[in-house]
Amino acid sequence: MSGVPLNIDFQQILLHLLNFVILFAILYFLLFKPVKNFMDNRKKEYQDMDDKAHKKLKEAEELKADYEKKLSSADEEIRLMKAEASKELDEFTARSEADAREKAAQIIEKAKAQGESEKSRIINTAGIEISELAKEAAAKVVFGNASDAFDRFLDGQKDN
């Protein structure tokens, strides 16, 4: 023990080094590779899940954009339909008003014609009645006392 400082046995150190290398090789093949493969597979699985999530998110955003486009298109279509309905309502109102005015004019014309007809009938009837009264008065004047004829004429008027 005189040549080795601090009682170090190089043979023991080499044996420990050899054991360490063997243990390292065994652990590497038994643990490191399977754990590394497991971790790689797990990483790949999570990466696939992340890719699928991004893909679905992108599809959802595209679908949302499509629906928003359809919604804005529907809003525009509704606005156009309202404008068209309003235009049709205005046209219908104008036609109805024109029809009402035309019917009113026809009614007024008919009433005027009936009024004129009634006026002519009344004038004709009045003329006939006046001529009959004049005949009666003349007959009474010619055939009897004027005063009696006048009294009878007035009495006749009261009866009618």
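All values reported here derive from a predicted model rather than from experimental measurement.

Colleague: Pulling in residues and values, what's your account of the overall build of the protein chain?
Modeller: In terms of helices and strands, the protein chain carries two helices and zero strands. With 160 residues in all, the protein chain has 1% of them scored as buried. Put simply, the protein chain shows about 14,800 Å² of open surface, and 62% of that area lies on carbon and sulfur atoms.

Colleague: Please provide a residue-by-residue account of the packing of aromatic side chains, values included.
Modeller: Enumeration according to the criterion identifies three aromatic pairs in this entry. Note on Y28 and F32: the rings are 5.1 Å apart at their centroids and 20° apart in plane angle, and the pair reads as stacked. Linking Y28 with F32, this pair stays in helix α1 (residues 10-143), spanning four residues, or about one helical turn. On the accessibility criterion, Y28 (32% relative accessible area) is partly exposed.

Colleague: Give a detailed account of a negative patch on the surface, specifying residues and quantitative values.
Modeller: Among the surface-exposed residues, E45, D48, D50 and D51 lie close enough to one another that they form a single negatively charged patch. Among the structural elements, D48 can be located in helix α1.

Colleague: Pulling in residues and values, what's your account of a nonpolar patch on the surface?
Modeller: A contiguous nonpolar patch, built from L15, L18, I22, L23, I26, L27, L30, L31, V35, F38 and M39 and spanning about 1,000 Å² of accessible area, is present on the exposed surface. Within the secondary structure, F38 is located in helix α1.

Colleague: Before we move on, can you summarise the pattern of salt bridges with the specific residues and values?
Modeller: All told, the structure shown has five salt bridges when counted by the stated rule. The shortest N-O distance in the salt bridge between R79 and E76 comes to 2.5 Å. Here R79 pairs with E76, and both are found in helix α1, just three residues apart, close to one helical turn. For R79, a relative accessible area of 47% gives the class partly exposed. Under the relative-accessibility criterion, E76 is labelled partly exposed at 37%.

The rules behind these values
- Every chain is numbered on its own, with residues counted from 1 as its sequence reads.
- This being a predicted model, a pLDDT of at least 70 is required before a residue's local features are given, and a value of 80 or more before pairs of side-chain atoms are given or counted; all residues contribute to the totals for chains, interfaces and linings.
- With hydrogens and water excluded, all non-hydrogen atoms of the structure serve as input to the side-chain values.
- The helix count covers DSSP runs of H or I at least four residues long, the strand count covers runs of E at least two residues long, and both are numbered beginning at the N terminus.
- The cut-offs for exposure are 20% and 50% of the maximum accessible area for each residue type, with area from a 1.4 Å probe on protein chains only; residues under the lower value are buried, those over the upper are exposed, and the others partly exposed.
- Each accessible area is a Shrake-Rupley result for a 1.4 Å probe, and residues are judged covered by the shown protein chains and nothing else.
- Note on aromatic pairs: the rings of Phe, Tyr and Trp (six-membered ring only in Trp) are paired at centre separations within 6.5 Å, and the planes decide the class, stacked below 30 degrees, edge-to-face beyond 60, tilted for the rest.
- Only residues whose relative accessible area exceeds 30% and that take part in no salt bridge are eligible for patches, with like-charged residues grouped when within 9 Å of each other and nonpolar side chains (Val, Leu, Ile, Met, Phe, Trp, Tyr) grouped when within 5 Å.
- What counts as a salt bridge is simple: a side-chain nitrogen of Lys or Arg found within 4 Å of a carboxyl oxygen of Asp or Glu.
- Just so you know, the count uses Lys and Arg for positive and Asp and Glu for negative, and it drops His and the chain ends.
- Taken as the charge centre is NZ of Lys, CZ of Arg, CG of Asp or CD of Glu, depending on the residue.

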